[in-house]
Amino acid sequence: MKIAVFGAGAWGTALAVSAARRHEVTLWARDPAQAAAIDRERENRRYLPGIALPPALAAATGGAHVIPRLAGGSDLSIVATPMAGLREMLTHLRQHPGPVAWLCKGFEAPVGDADGLLGHEVKAQVAPGLQAGILSGPSFALEVARGQPTALVAASDSAVVRDALVAAFHSPQLRVYGNDDVAGVEIGGAVKNVLAIATGLCDGLALGLNARAALITRGLAEMTRLGVALGARPETFMGLSGLGDLVLTATGDLSRNRRVGLLLAQGATLQQAVDSLGHVAEGVYCARAVVRRARHLAVEMPIARAVVALLDGELAPSGAVAALMGRDPVAEG
Ligand SMILES: NC(=O)c1ccc[n+]([C@@H]2O[C@H](COP(=O)([O-])OP(=O)(O)OC[C@H]3O[C@@H](n4cnc5c(N)ncnc54)[C@H](O)[C@@H]3O)[C@@H](O)[C@H]2O)c1
Ligand SMILES: O=P(O)(O)OC[C@H](O)CO
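Not measured: the values here are computed from a predicted model. (Residues numbered from 1 in each chain as written. Chains lettered and ligands numbered in written order. Predicted model: local features only at pLDDT ≥ 70, side-chain atom pairs only at ≥ 80, totals over all residues.)

### Structural notes on the environment of A250
When you line up the elements, A250 lands in helix α10 (residues 240–251). Looking at A250, the number of C-beta atoms within 10 Å reads 27, which means it is buried. Excluding residues that lie within four positions of it along the chain, A250 makes contacts with L195, A196, T199, I216 and R258. (Helix = DSSP H or I, 4+ residues; strand = E, 2+ residues; numbered from the N terminus. Buried ≥ 20, exposed ≤ 12 C-beta atoms within 10 Å, placed from the backbone. Contact = placed C-beta atoms within 7 Å.)

This is the structure:
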């Protein structure tokens, strides 16, 4: 099949590499110099160094006007930008019938009094006719690019989209499970980023393994509460995009979000932490949206609130710990 991947960061490149072992893949980079370097060097040295690109992967560039044409010539289009680029990409794809899937894990940053939206809510606003979904789950780009065993979840209310994602990416190295709980899969992928900042902080402060297990477990409870309030199924949070991605991101040192927490614990400023990554850490950008939506729905999310207070400089790392541990006793649930 023919697959177009829009966005040549670490994750778009890794999935393009994985699919190009069996399919014809075009990897679109918005920066012409980056596209030329990828084609010349047969490697994405800026975002995924050390991974050779298969011959069936071609780099492309060009302004927004080429996006509908590339999508039209493909059986599946993948939006591989961070959450901040999803709205614009879907706008360029609004006349396209699909199938389309995005990879980003987050909420849009809130604008004014409006809530920050999940991917499917952005799609409903800008491209309501598009057959679309999300590919998510516990997956570090480097491991997927190396062909290490990984399981993903393809979420869409359209069986056409789920089937296209399975046909494109399922392989002996990569299992792709279908799910029609789009909101649940999106919320799992977004909230785990915020919680990974918290566990990075916890480990950076050497608070211990008990503390880390408590954060993961109580974080999962927060994620599930928000998800159910937003219409997701509770069992989704026991799956790949809930517990699975939370465990990976909260404990795996390849995680950029976890690294933000580790760096803050060492005394770095948020700007220093973000600058040192060279990649997006979505938890930094969506934590406020998570907390705001929770507040509007009267959902209690103390860990996410502590992360926002830390990111906003209202609490120091030690203050965030004290704020969480000093809360009144409550029943587990
Ligand atoms: N890296 C991973 O292991 C991984 C795994 C699963 C999901 N994700 C998610 O995939 C998304 C992309 O992550 P990544 O690791 O590829 O990020 P990255 O930082 O490695 O690369 C981001 C890419 O998007 C481009 N970009 C940035 N802002 C843009 C915008 N507004 N419009 C268009 N293009 C833009 C950049 O030029 C770059 O090519 C994130 O939401 C991330 O949470 C990442
Ligand atoms: O590096 P992170 O923290 O953005 O996490 C990458 C993936 O989302 C893990 O599934």
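Next comes the rest of the description.
### Describing the UniProt feature "active site" (unreviewed entry) in the protein
According to UniProt, the feature "active site" (unreviewed entry) maps to K192 in the numbering used here. Structurally, K192 can be placed in helix α8 (residues 182–204). Taking the number of C-beta atoms within 10 Å as the measure of exposure, K192 has 32 and is therefore buried. Not counting chain neighbours up to four residues away, the residues in contact with K192 comprise D245, L246 and T249. (UniProt positions renumbered as here; feature names shortened; annotations may be inferred.)

### Thoughts on the site of ligand 1
Around ligand 1, the structure places 25 residues, and the nearest of them are G9, W11, G85, C104 and H279. Counting residues per element, the ones that place at least two in the shell around ligand 1 are α1 (10–19) and α4 (83–92). Among the elements that make up the shell around ligand 1, the one with the highest residue count is α4 (4 residues). Considering only residue class, the shell around ligand 1 consists of 13 nonpolar, 8 polar and 4 charged. Counting residues domain by domain, the shell around ligand 1 receives three or more from each of domain 1 (2–180) and domain 2 (186–326). (Near = placed C-beta within 6 Å. Nonpolar A, V, L, I, M, F, W, Y, C, P; charged D, E, K, R; others polar. Domains from an automatic or database assignment.)

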